[in-house]
Amino acid sequence: MENNQANKHVYDNTGFQHDIGEPPPYSYHAYPHNPSYIAGPTQINTQQNTPPPPQRKGKKSCPWKYILCVCLCVLIILVVAALLLWYFLYYQCLFGRSCGPGGRCLSSTQWCDGEWDCLDGEDESYCFRQKGNNFLLQSYSSITKAWLPVCAENWNDNYGKTVCRQMGYRRQDYVSSSQISPSTSAPEGYLKLKFGSSYGTLIQSQLIYSPGCSARAVKLQCLECGKSLAAPSSRIVGGTQAVNGAWPWQVSLQINGQHVCGGTIISPNWILSAAHCFQKYNRATEWSVVYGDVKLSKMSYRRSVQRIINHEDFDSVTNAYDIALLKLMQPVTFTERVRPVCLPNSGINVNAGARAWITGWGALISSGPTPDTLNQAQVTIYDRQTCNAPHVLDGEVTETMFCAGKLEGGVDTCQGDSGGPLVVNTGDVWWLLGDTSWGYGCAVKNKPGVYGNITYFSEWIQKQMQDD
């Protein structure tokens, strides 16, 4: 994590590089300017004997070619208009939502109504979310087309466990349901349980809209996450060695006992990493997840990988959608040194200039040797405008990513850190905001590292965990 001048655009793990290609500049043709006709002064003919101009005799001919051309043009315009209308109404689902690209178009009232209308249940896969540091439970209302707090009337732990399971968590990891005041007076209303509801079905089918709530809103915790025993609290310039218990969610992803990429524990069954780590080695049986200590040589726990799920839109040219999930053969057992990080709730907003922490077993200088002990460093998160400045990353940072580091250089992730976490502490909880993706060299001036934007992928992550 030291300064080392380089100009290659590389992933932050050994063996993955990337050539830059830019699209041709957009060209346009100016619309032709037709000058207006300017009439001259009226002149009177004073010659009385001027013969009239000759006139043609006989029947006037019909310009059939012109008429045919006009008819063909009108027909083509109508066909094109009909195709565009079909495209927007059915494929783009102009007045509703579609079951995936090109899938069945549903009306807005069919989304999160408790009935599977898409073949894979996509319309019911992201109907609950947690908001803010206090884990306020919200459900999507197809009536108001908005996320509303869930009223705590008649709510109990059985409903909480069912919702957590719907969100992709295990029932046995459930923490608690309690009551909390919404951050506002919920002017758009609440969703509350119907009379005679049952927790054995999709909970969204048991909720009805209500303008008010006699109780408070539901606070739901599905997993004890984001707790660290020894995370640093002071600012550190450059990398330093971590101690056990500081980053209990950090794992090493290995092939044949060799560290290749980093990863993050997000639940007992799931590890989050970067999609580019698995482009060359994409068989789950090749990989092992190793964890439990800050020293690679003292790792005491190992899990086999059952399945690797790369984001279906990952683009190795633009580096967009650089995220992957690993499903483990056996769940991780949590201890003081092994704990999950929290996935970012809705409303966990981190402003530009915020401090974050990066960790990994990556090289300390570009293409240098990798350490045995986990390193940690504090970085600054920059807004997309700063990241995309011509002298920085020149427009390469999309909405699926963000950049962080030090514009003056000196602190960065490097080869071997790919897929590892970037975390922030808000409300005394550690939240996973980024997974290490790519950069220009390591710790180069005006070349901060680039990270996958985990907040952007919240729905995708929940869908994969839920499908399992």
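Residues numbered from 1 in each chain as written. Predicted model: local features only at pLDDT ≥ 70, side-chain atom pairs only at ≥ 80, totals over all residues. Heavy atoms only, no water.

## Considerations on empty space enclosed by the protein
Take a probe with the size of a water molecule and roll it over the atoms, and the empty space left behind shows itself.
At step 1: By the definition in use, this model includes two cavities of 30 Å³ or more.
At step 2: Of the voids in this model, the largest cavity is the one considered here, and its volume is about 100 Å³.
At step 3: Along the walls of the largest cavity sit 14 residues, with W247, P248, D293, V294 and R337 positioned nearest its centre.
At step 4: Looking at side-chain class alone, the lining of the largest cavity contains eight nonpolar, four polar and two charged residues.
At step 5: As for the second largest cavity, its lining consists of E124, S125, Y126, C127, F128, Q166, M167, Q204, Q462 and Q466.
At step 6: For the lining of the second largest cavity, the residue count by class is four nonpolar, five polar and one charged. (1 Å grid on protein atoms, 1.4 Å probe; cavity = no way out; pocket = protein on both sides within 12 Å on 5 of 7 lines; lining within 4 Å. Points joined across faces, edges and corners; volume = space filled by probe spheres on them. Nonpolar A, V, L, I, M, F, W, Y, C, P; charged D, E, K, R; others polar.)

## Brief notes about the layout of surface pockets
At step 1: Estimates place the volume of the second largest pocket at around 420 Å³.
At step 2: Going through the elements one at a time, strand 4 (128-131) and helix 4 (458-467) are the ones with two or more residues in the lining of the second largest pocket.
At step 3: The biggest single contributor to the lining of the second largest pocket is helix 4, with four residues.
At step 4: Class assignment of the residues belonging to the lining of the second largest pocket gives a composition of 17 nonpolar, nine polar and one charged. (Helix = DSSP H or I, 4+ residues; strand = E, 2+ residues; numbered from the N terminus.)

## Focus on unusual backbone geometry
At step 1: The backbone of N154 shows a phi angle near 65°, a positive value even though the residue is not glycine.
At step 2: Looking at the secondary structure, you find N154 in the loop between strand 6 (146-149) and helix 2 (157-166).
At step 3: The residue Y321 is not glycine, and still its phi comes out positive at about 60°.
At step 4: Summarising the element assignment, Y321 is placed in the loop between strand 16 (301-310) and strand 17 (324-328).

## Examining the sheet that holds strand 14 (residues 270-273)
At step 1: Read around the closed barrel, the six strands follow the order 12-13-14-17-16-15; overall the barrel is antiparallel. Neighbour-to-neighbour, the strand axes of the sheet open up by a mean angle of 45°, direction not taken into account.
At step 2: Running at roughly 25° to strand 17, helix 4 makes contact with strand 13 (258-267), strand 14, strand 16 and strand 17 of the sheet. (Pairing = 2+ DSSP bridges. Axes fitted to C-alpha atoms, helices over the stretch in contact; angles between N-to-C directions. Contact = heavy atoms within 4.5 Å.)

## Some details on the pairing of strand 23 (residues 449-453)
At step 1: A large share of strand 23 lies buried, amounting to five of its five residues.
At step 2: Bridging between strand 20 (residues 401-405) and strand 23 involves four bridges; their strand directions are antiparallel. Residue pairing for strand 23: F402 is matched across the bridge by Y451.
At step 3: The pairing of strand 22 (residues 429-442) with strand 23 spans four bridges and is antiparallel. For G434, the partnering residue across the bridge sits in strand 23 and is N453. (Buried < 20%, exposed > 50% of the residue type's maximum accessible area, 1.4 Å probe, protein only.)

## Observations regarding the nonpolar core
At step 1: Grouped together as the largest cluster of nonpolar side chains are 92 residues, with contacts concentrated most on I266 and I461.
At step 2: In this view, I266 contacts Y169, L223, L272, L325, P340, V341, L343, L432, I461 and M465; residues no more than four positions away in its chain are not counted.
At step 3: Listed in part, the 18 residues of the second largest apolar core include I348, I381, L422 and V429. (Core = buried A, V, L, I, M, F, W, Y, C linked by side-chain atoms within 4.5 Å.)

## Points about a nonpolar patch on the surface
At step 1: A surface patch of nonpolar side chains, about 480 Å² in accessible area, is lined by Y66, I67, V70, V74 and L78.
At step 2: Assignment of secondary structure puts L78 in helix 1 (residues 64-91). (Patch = residues over 30% accessible without salt bridge, like charges linked within 9 Å, V, L, I, M, F, W, Y side chains within 5 Å. Areas by Shrake-Rupley, 256 points an atom, 1.4 Å probe, with all protein chains shown as cover. Salt bridge = Lys/Arg side-chain N within 4 Å of Asp/Glu carboxyl O.)

## Side note on the confidence of the model for the chain
At step 1: Taken over all residues, the pLDDT of the chain has a mean of 83, while the share at 70 or more is 81%.
At step 2: Below a pLDDT of 50 lies the segment residues 2-8, which in the model reaches 22 contacts outside its immediate sequence neighbourhood of four places, other chains included.
At step 3: Predicted confidence is poor over residues 14-60, with pLDDT under 50, and the contacts of this stretch with residues over four places away or in other chains come to 20 contacts. (pLDDT = per-residue confidence, 0-100.)

## Looking at the state of the cysteines
At step 1: Inspection of every chain in the model, using the stated rule, returns eight disulfides.
At step 2: Between the sulfur atoms of C414 and its disulfide partner C442 the distance amounts to 2.0 Å. Between C414 and C442 the disulfide shows an S-S torsion of about 85°. By sign, it is right-handed. Taken together, the positions of C414 in the loop between strand 20 and strand 21 (421-426) and C442 in strand 22 put the pair 28 residues apart, joining distant regions of the chain.
At step 3: By relative accessible area, which is 0% here, C414 ends up buried.
At step 4: The exposure class of C442 is buried, given its relative accessible area of 2%. (Disulfide = S-S within 2.5 Å.)

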